[in-house]
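Single-letter residue listing:
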Amino acid sequence: MGPSWVEAGIFEFIQLAKFDLHLFDPQMLLSAIFFWNRETRAFEFPCGFVSPTLLDIAAITGLTPLGDRFYPDVVEEEISIKEVSITWDKKTYLAFINAHVGQPGTPVSESEHISFLMYWLSACVFCTPSLQVPKYYYILAQALHLKKKICLSKLLLASLYACLDEASESLSRESGPRNLSGPLWLLQLWLNAILENKLSLTSSFAPTCALEGARLTTLTPRKRLVDNFSKYIAAILSFAEFSEDLAPFIRTSLIGPTWLRHNNQVWNMTRDSVEIWSGFLSWDVIMSVMRQKDVRIYPYQPQLFARQFGLCQMKPLPLRRKEKIDSYICVEKGNYEEVLEFILRPEKQLHLTPCSFSPSFLVSRCFLRWWCEYHVDNMIDFDTFLTKLINSPLSSQGPKQTGTFKNQTIIYQFEQFFKVCYRPNNVHRTIFDASVSLSKMVQRNIRSKKVINPRGKTDFEKFCPKHIPPLPNALFGLVKHLSHPPWVCSNAGHYASFSVKMLQHSLAGGEFLTWSCFR
């Protein structure tokens, strides 16, 4: 399918999937995420705003910034989903592959190719949290199968924004973090690129794929040490001035497709590359979406990161000064064109004229005054910041409470047995949910074992599940919250412990399971 992928513009990106994209350095990712601002969609380094751009995505993945915008529920389903023999009841990755792989030596069928693209989008590009192949990727997969020019790079960048927003929010969420999903692999490769010289990242492996992303996969640090937090934070804070390290993809030795390798410098832009550079430098609205109900609109603001392109940085100004545009907009009726016309203002479109000049990382005086005032208000103390980072709930290297491993095991056994979520901030609800679940187990045993005798008497030991795991007490909440949650106080802790003891006693004696509970 190589020629088909070349025509669709995804050949290099698919080759990148052959490398280990899911090898992460958790300490590096966490250190960077703490600098992410959900309002500006940028990492706030001491020297200014920094973020992955469409140029960075092009260098890492080989995707162009050009192509049609992907609208959910608007792109036509030219190949009916009913005509494609896709087995939808086998959605886990391995089961999906085994169900749709063709026989060796036979031509690739339409169904097999679309199935492969759905798997690739789910597992290698957008990284769905369910570890399954969702049905809603079919529209995009069949569009790529038909060689439609979809701008996949903007979809990918918007998904990264959504992923970073969720990760940043999880670090400060009082109720604890959620499992993170999305293209974190893109963040890892981008961090490898900007920190390559600062951290002296090297690799002896020479990838056969001529793509920056393939080379960057070999630079991910393998050692997981809590001391790395200090090293990574110090490296980020050392960017007091913008340097060429933060613009790694405008160098002359760039590895990548020919259309980018000879056109990655705006000061040497040719007339043939004006369209591509207009895509890199134009303000736009990008969508993170596969279904209409999940539409989220994010701003792509290259004017915030002018120095990453070798241009001088001016003070950033919004496209509209009077009207306020929310950080994301939920589109209910699918009227995308009207929303985009309001935000983008066609009369403000960028027009480029090729010319030669010397690249520079300079900033305007106006920007410097504004940034100094802005950054001073957001300055952090290094020691305090490092302590907060190490104590993060997402950090596996943080300090452990006494008996944490045992407590985690008990919580896991409790959740698996009762099929309920353990809520450390709502113990009485946890106990209630567990009791309802246990009563259902007992009812099933009663119906299957027929242990009720004609006299109406029952034998509790015959239908009560055996080996009921112990219930976690209030102190076990500290396993999921390294800082004391608000409900851990003398009264609440005493009440929770008392409730747990009462439930354990009731379960042991069979007194809790009454017929009213069954009803």
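What you see is a predicted model; the values in this text were computed from it and never measured.

### Quick word on the overall build of the protein
- The number of helices and strands found in the protein is 22 helices and five strands.
- Relative to its 519 residues, the protein shows a buried fraction of 49%.
- For the protein, the proportion of contacts with a sequence separation of at least 24, taken over those separated by at least 6, is 74%.

### Here we look at the packing of aromatic side chains
- Under the criterion given, the structure shown has 24 aromatic pairs.
- The interplanar angle of 65 degrees and the centroid separation of 4.9 Å between the aromatic rings of W36 and F43 together place this pair among those described as edge-to-face.
- Relative accessible area serves as the criterion here: at 6%, W36 is assigned to the buried category.
- By relative accessible area, which is 0% here, F43 ends up buried.
- Measuring from centroid to centroid gives 6.1 Å for Y161 and Y298, while their planes differ by 65 degrees, and the two rings are edge-to-face. Of this pair, Y161 sits in helix α8 (residues 152-172) while Y298 is found in strand β5 (residues 296-300), placing the two residues 137 residues apart along the sequence. Each of the two residues, Y161 as well as Y298, counts as buried.
- Through pairs of rings, three or more aromatic residues link up here, namely F35, W36, F43, F45, Y161, W190, F239 and Y298.
- When the ring centre of F239 is taken as origin, the NZ or CZ atom of K198, which lies over that ring, is 4.6 Å away.

### A few points about the nonpolar core
- Counting 105 residues, the largest nonpolar core has I10, F45, W120, L140, L187 and F280 as the members making the most contacts within it.
- Of all the elements, α8 adds the most residues to this core, at 11 residues.
- Beyond its immediate sequence surroundings of up to four residues, I10 is in contact with W5, L63, L117, W120, L144 and L152.
- In this structure, F418, V420, A434 and L438 belong to the second largest nonpolar core, which totals eight residues.

### Here's the deal with the packing of helix α3 (residues 26-33) against helix α9 (residues 184-194)
- Interhelical geometry of α3 versus α9 gives an angle of 90 degrees and a closest axis separation of 10 Å. Between α3 and α9, the angle is such that the two are roughly perpendicular. Residues M28, L29, A32 and I33 of α3 form the contact with α9, whose participating residues are L184, L187, Q188, L191 and N192.

### Some details on the packing of helix α6 (residues 110-125) against helix α7 (residues 138-145)
- One way to put it is that α6 packs onto α7 with a least axis distance of 9 Å and a crossing angle of 120 degrees. On the basis of the axis angle, α6 is oblique to α7. With respect to the hand of their crossing, α6 and α7 are arranged in right-handed fashion. Together, E110, H113, I114, L117, M118, W120 and L121 of α6 and Y138, L140, A141, Q142, L144 and H145 of α7 make up the contact between the two elements.
- Of the residues contributing to the contact of α6 with α7, the split by class is nine nonpolar, three polar and one charged.

### Focus on helix α4 (residues 54-61)
- Extensive coverage of α4 is indicated by the burial of eight of its eight residues.
- Restricting attention to buried positions, one finds in α4 the residues L54, L55, D56, I57, A58, A59, I60 and T61.
- Positive backbone phi, approximately 85 degrees, marks G62, located one or two places after α4.

### Remarks on the side chain of S111
- For S111, the position within the fold is in helix α6.
- What makes S111 buried here is its relative accessible area of 15%.
- Sequence-distant contacts of S111, that is, excluding residues within four places in its chain, are made with V84 and S85.

### What to know about the pattern of salt bridges
- Applying the stated criterion across every chain, the model contains seven salt bridges.
- Its salt-bridge partner being D165, residue R41 comes within 3.4 Å of it at the nearest N-O pair. Remark: D165 occurs in helix α8 and R41 occurs in the loop between β1 (36-37) and β2 (42-45); sequence separation between them is 124 residues. The pair R41 / D165 is uniform in exposure class, with both members buried.
- Across the pair E212 and R215 runs a salt bridge whose closest N-O atoms are separated by 3.1 Å. Taken together, the residues span about one helical turn, with E212 and R215 both in helix α10 (residues 212-217) at a distance of three residues.
- Residue classification places E212 among the buried positions, given a relative accessible area of 0%.
- Ionic contacts of the salt-bridge type, sharing partners, join the residues E196, E212, R215 and R251 into one network.

### Quick look at the side chain of N264
- Relative to the helices and strands, N264 is located in the loop between α12 (258-261) and α13 (274-281).
- For N264, a relative accessible area of 3% corresponds to the buried category.
- Looking at N264, its side chain comes within polar contact range of the main-chain oxygen of F249, at 3.1 Å.
- Each residue touching N264, except ones within four places of it in the same chain, is listed here: F249, I250, R251, L254 and W277.

### Regarding unusual backbone geometry
- Positive phi outside glycine occurs at C127, with the angle close to 55 degrees.
- Mapped onto the elements, C127 comes out in the loop between α6 and α7.
- Notably, L131 is not glycine yet its phi reads approximately 55 degrees, a positive angle.
- Structurally, the position occupied by L131 is in the loop between α6 and α7.

### Some thoughts on the confidence of the model for the protein
- Of all residues in the protein, 70% attain a pLDDT of 70 or more, and the chain-wide mean is 76.
- Within the protein, the element-level pLDDT minimum falls on helix α22 (residues 515-518), averaging 28, and the maximum on α9, averaging 96.
- Contacts from residues 396-406, a stretch scored under 50 in pLDDT, to residues over four places away or in other chains number 12 contacts.
- Throughout residues 474-519 the model reports pLDDT below 50, and contacts reaching past four residues in sequence, or to other chains, amount to 70 contacts.

### Quick word on the sheet that holds strand β3 (residues 48-50)
- Ordered by their spatial adjacency, three strands build an open sheet running β1-β2-β3, and the pairing between neighbours is antiparallel. Edge positions in the sheet fall to β1 and β3, since each has one partner strand and no second.
- Where β1 and β2 come together, two bridges link them in antiparallel fashion. In the strand pairing of β2, N37 is matched with A42.

Cut-off values and rules
- Residues numbered from 1 in each chain as written.
- Predicted model: local features only at pLDDT ≥ 70, side-chain atom pairs only at ≥ 80, totals over all residues.
- Heavy atoms only, no water.
- Helix = DSSP H or I, 4+ residues; strand = E, 2+ residues; numbered from the N terminus.
- Buried < 20%, exposed > 50% of the residue type's maximum accessible area, 1.4 Å probe, protein only.
- Contact = heavy atoms within 4.5 Å.
- Phe/Tyr/Trp six-rings, centres within 6.5 Å; stacked < 30°, edge-to-face > 60°.
- Lys NZ or Arg CZ within 6 Å of the ring centre and 35° of its normal.
- Core = buried A, V, L, I, M, F, W, Y, C linked by side-chain atoms within 4.5 Å.
- Axes fitted to C-alpha atoms, helices over the stretch in contact; angles between N-to-C directions.
- Parallel < 35°, antiparallel > 145°, perpendicular 65-115°, else oblique.
- Left-handed = near helix turned anticlockwise from the far one by under 90°.
- Nonpolar A, V, L, I, M, F, W, Y, C, P; charged D, E, K, R; others polar.
- Salt bridge = Lys/Arg side-chain N within 4 Å of Asp/Glu carboxyl O.
- Polar contact = N/O pair within 3.5 Å; in protein donor to acceptor, adjacent residues only side chain to side chain.
- pLDDT = per-residue confidence, 0-100.
- Pairing = 2+ DSSP bridges.

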